[in-house]
Amino acid sequence: MSDTPSTAGNPDYPDAPSDGETAQGSIEQQLAELQAKHTEVSDAYLRAKAETENIRRRAEEEIAKARKFAVEAFADSLLPVKDSLEAAIATQIAKPDTPMATVMDGVQATLRQLGSALERNKVMEINPAAGEKFDPHQHQAISMVPAEQEANTVVGVLQKGYLISDRVLRPALVTVAAPK
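The text that follows walks through the structure, step by step, so that each part is easy to find. As the structure is a computational prediction, the values presented were derived from the model and not from experiment.

This part covers a nonpolar patch on the surface. On the surface, M100, M104 and V107 cluster together into a nonpolar patch covering about 290 Å² of accessible area. Of note, M104 is situated in helix 3 (residues 100-120).

With three bridges joining them, strand 4 (residues 161-164) and strand 5 (residues 167-170) adopt antiparallel strand pairing. Each residue of the ladder has a partner; that of L163, found in strand 5, is V168. A loop of two residues connects strand 4 with strand 5, the two strands running antiparallel in sequence, and S165 in this loop sits at a positive phi of about 55 degrees.

In this section: the sheet that holds strand 2 (residues 139-145). Spatially, 2-6-3 is the arrangement adopted by the three strands of the open sheet, whose pairing is mixed. The sheet terminates laterally at strand 2 and strand 3 (154-159), the two strands that pair on one side only. Across the sheet, the mean angle from the axis of one strand to that of its neighbour is 30 degrees, orientation sign disregarded. Examined bridge by bridge, strand 2 and strand 6 (residues 172-177) share six bridges and lie parallel to one another. Counted as the bridge partner of M144 is V176 from strand 6.

A few words now on helix 3. The end-to-end C-alpha distance of helix 3, which contains 21 residues, comes to 30 Å, matching closely the 30 Å that a straight helix rising 1.5 Å per residue would cover. Along helix 3, the positions that sit buried rather than exposed are T110, A117 and L118. Down the axis of helix 3, the buried set is contained in an arc of 95 degrees. They therefore lie on one face. Turned more than 90 degrees from where helix 3 packs its buried face, A101, D105, R112, E119 and R120 sit exposed. Buried residues in helix 3 make contact with helix 2 (72-94) and strand 1 (123-126). Looking one or two residues beyond helix 3, the residue adopting positive phi is K122, at roughly 65 degrees.

A word on helix 2. With 23 residues, helix 2 extends 33 Å from end C-alpha to end C-alpha; this agrees with the ideal 33 Å at 1.5 Å per step. Of all the bends in helix 2, the greatest, near 30 degrees, is centred on L78, and the proline P80 appears no more than four residues after it.

I126, V154, L163, A172, V174 and V176 together form the largest nonpolar core, which totals six residues. A total of three residues in this core trace back to one element, the largest contributor, which is strand 6.

Our next topic: the pattern of salt bridges. Overall, the coordinates contain seven salt bridges when judged by the stated rule. Note that E51 is salt-bridged to R58, the shortest N-O span being 3.8 Å. Owing to a relative accessible area of 38%, R58 belongs among the partly exposed residues under this scheme. Taking the shortest distance from any N to any O, the salt bridge between E60 and R56 comes out at 2.5 Å. Of this pair, E60 and R56 both sit in helix 1 (residues 19-68), four residues apart, which is roughly one turn of that helix. Note on E60: relative accessible area 44%, which makes it partly exposed. A single salt-bridge network, built from bridges that share partners, covers E53, R56 and E60.

Cut-offs applied
Residues numbered from 1 in each chain as written. Predicted model: local features only at pLDDT ≥ 70, side-chain atom pairs only at ≥ 80, totals over all residues. Heavy atoms only, no water. Patch = residues over 30% accessible without salt bridge, like charges linked within 9 Å, V, L, I, M, F, W, Y side chains within 5 Å. Areas by Shrake-Rupley, 256 points an atom, 1.4 Å probe, with all protein chains shown as cover. Salt bridge = Lys/Arg side-chain N within 4 Å of Asp/Glu carboxyl O. Helix = DSSP H or I, 4+ residues; strand = E, 2+ residues; numbered from the N terminus. Pairing = 2+ DSSP bridges. Axes fitted to C-alpha atoms, helices over the stretch in contact; angles between N-to-C directions. Expected span 1.5 Å × (residues − 1). Buried < 20%, exposed > 50% of the residue type's maximum accessible area, 1.4 Å probe, protein only. Arc of directions from axis to C-beta. Contact = heavy atoms within 4.5 Å. Bend = angle between axes of the 7 residues up to and from the residue. Core = buried A, V, L, I, M, F, W, Y, C linked by side-chain atoms within 4.5 Å.

It is worth stressing that arrangement in space is one thing and function is another; only the former is reported here.
Pasting the structure below:
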């Protein structure tokens, strides 16, 4: 307690609040301060919640756009291949007596164009050589055949496989040397 006498409830100071009134005023002041703080925190919370919702919505829109247009570059690089094939067909229709060598040259050029488009988009061939060790991550064994080479090595390729970046799109279909 303090050494100064309290004026509350003292008849010499009739305007001074009593101890009960001082406590009541102090509580009301604290309540008003807490309500103001609560309003401030509530407002900050609602703003943060709205901002979070806006960020989530924008991210979902960006993901949807990325999915929708993910193949745009790939399709763009395939369009010249389609144009070349259509031109070959149109030429064959207009001049049905075109020599087969000319047609084959055009087909080979179109195949190179397709290979280039695939490479630009990180689609790579899996074409194992005979005698290469069988890799179950990139090859699919169709059959095992007796062979003079080491067991579990590739004897022949029935169909090339393909990778996109480092992910197998389609495994190479191979025959494998059987154990002796």
